[in-house]
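# A look at the structure
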Amino acid sequence: ELKVEQNPLFLSMQEEKNYTIYCNYSTTSDRLYWYRQDPGKSLESLFVLLSNGAVKQEGRLMASLDTKARLSTLHITAAVHDLSATYFCAVDMWEYSGGGADGLTFGKGTHLIIQP
Amino acid sequence: DVKVTQSSRYLVKRTGEKVFLECVQDMDHENMFWYRQDPGLGLRLIYFSYDVKMKEKGDIPEGYSVSREKKERFSLILESASTNQTSMYLCASTTIRLAGVADTQYFGPGTRLTVL
């Protein structure tokens, strides 16, 4: 069974601080996704990471992927209130299923609150 | 912009009713997916489809069926709704999988279904 574990699940932090969300997954995958969800809204794609050592940055968010460690991180730099949301990582099932299945397996999400 | 629309934002049904959730995408995507989202559980894959009239089971297909008669439309059917199917249902679509291409899944706004 493909498992995706995020931690922490809840995070309250102050503006201007830095923090990292961790995403561990249990088997090989060639794709790792990060999504953001605001309350009552759908999922917004943030990053798709394809290969070992991949790093992508958008504003105050930076995502990286270590396929050997089966670990991805989402780093928040100098947090601002607008980044308050729930963040999900997800892993593609294609490799795990031997090419027989598609779709994503999601972590449970990290609920991030950034306080002034 | 990719647009994925779902027929209803909120739906209230009674136990035993047959329920149809509709999803339409306008980007000519081959792949479409249905997920359900529950607090503390993240998103879980119910069914997906690679092509018209084609369907594959995801992680939690029990109690659900799907229909894809046209490329742009993917329907989720609850044959006999039960209270444990009260949830947020999210539809997603993506283009055909290509090695090395960082495609993402685009999500619809979600349908919050309550079964009484």
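Our subject is the structure listed above.
Read on for a plain summary of the structure. (Residues numbered from 1 in each chain as written. Chains lettered and ligands numbered in written order. Predicted model: local features only at pLDDT ≥ 70, side-chain atom pairs only at ≥ 80, totals over all residues. Heavy atoms only, no water.)

What follows deals with the overall build of chain B. Scanning chain B from terminus to terminus reveals 0 helices and 11 strands. The N-to-C order of helical and strand elements in chain B reads β-β-β-β-β-β-β-β-β-β-β. In terms of overall dimensions, chain B is globule-like: its C-alpha atoms have a radius of gyration of 14 Å, near the 13 Å expected for 116 residues. Counting only residues that meet the buried cut, chain B has 48% of its 116 residues in that class. (Helix = DSSP H or I, 4+ residues; strand = E, 2+ residues; numbered from the N terminus. Rg over C-alpha atoms; globule rule 2.2 N^0.38 Å. Buried < 20%, exposed > 50% of the residue type's maximum accessible area, 1.4 Å probe, protein only.)

What follows covers the packing of aromatic side chains. Under the counting rule described, the total for this entry stands at 11 aromatic pairs over all chains. Judged by centre distance (6.2 Å) and plane angle (75°), the ring pair of F106(A) and F107(B) falls under edge-to-face. Of the two residues, F106(A) sits in strand β10 (residues 104–106) while F107(B) sits in strand β10 (residues 106–107), which places them in two different chains. A relative accessible area of 6% means that F106(A) is categorised as buried. Residues Y35(B) and F107(B) carry aromatic rings whose centres are separated by 5.6 Å and whose planes lie at 40° to one another, so their mutual orientation is tilted. Here the residue Y35(B) occupies a position in strand β4 (residues 31–38), and F107(B) occupies one in strand β10, the gap between them amounting to 72 residues. Overall, the relative accessible area of 10% leaves F107(B) in the buried class. Here the aromatic residues Y33(A), Y35(A), F88(A), F106(A), F33(B), Y35(B), F48(B), Y50(B) and F107(B) are joined through ring pairs into a cluster of three or more. (Phe/Tyr/Trp six-rings, centres within 6.5 Å; stacked < 30°, edge-to-face > 60°.)

A few words on the side chain of S75(B). Residue and element names in this part refer to chain B. Here S75 shows up in strand β8 (residues 73–78). Reaching out from S75, the side chain makes a polar contact with the side chain of E22 at a distance of 2.7 Å. If near-sequence neighbours (up to four positions away) are discounted, S75 is found in contact with L21, E22, W34, S65, V66 and S67. (Polar contact = N/O pair within 3.5 Å; in protein donor to acceptor, adjacent residues only side chain to side chain. Contact = heavy atoms within 4.5 Å.)

The parts lose accessible area when they come together, and the size of an interface is often stated as this lost area. Contacts between chain B and chain A engage 26 residues on the former and 25 residues on the latter. Where chain B abuts chain A, roughly 2000 Å² becomes buried across the two surfaces, and 51% of that area is made up of carbon and sulfur atoms. Summed over the three residues of chain B that lose the most area to chain A, namely L43(B), R97(B) and F107(B), the buried surface amounts to 29% of that side. Connecting chain B to chain A are 1 salt bridge. Linking D103(B) and R31(A) is a salt bridge whose minimum nitrogen-to-oxygen distance equals 2.4 Å. At the surface where chain B touches chain A, the tally comes to 8 residue pairs in polar contact (both at pLDDT 80 or more). Of the residues belonging to the side of chain B that touches chain A, the class tally is 14 nonpolar, 8 polar and 4 charged. (Buried area = accessible area lost by both parts, 1.4 Å probe. Salt bridge = Lys/Arg side-chain N within 4 Å of Asp/Glu carboxyl O. Nonpolar A, V, L, I, M, F, W, Y, C, P; charged D, E, K, R; others polar.)

Taken as a whole, this structure holds 1 cavity of 30 Å³ or more when the rule is applied. As a volume, the largest cavity reaches approximately 60 Å³. Among the residues making up the lining of the largest cavity, the classes are represented as 1 nonpolar, 4 polar and 5 charged. (1 Å grid on protein atoms, 1.4 Å probe; cavity = no way out; pocket = protein on both sides within 12 Å on 5 of 7 lines; lining within 4 Å. Points joined across faces, edges and corners; volume = space filled by probe spheres on them.)

Residue and element names in this part refer to chain B. By the definition in use, this model includes 2 disulfides over all chains. Covalent S-S linkage joins C23 and C91, the inter-sulfur distance amounting to 1.9 Å. Looking along the S-S bond of the C23-C91 disulfide, the torsion reads about -75°, which is the left-handed sense. Of this pair, C23 sits in strand β3 (residues 19–25) while C91 is found in strand β9 (residues 87–94), placing the two residues 68 residues apart along the sequence. Judged on exposure class, the residue C23 and its partner C91 are both buried. (Disulfide = S-S within 2.5 Å.)

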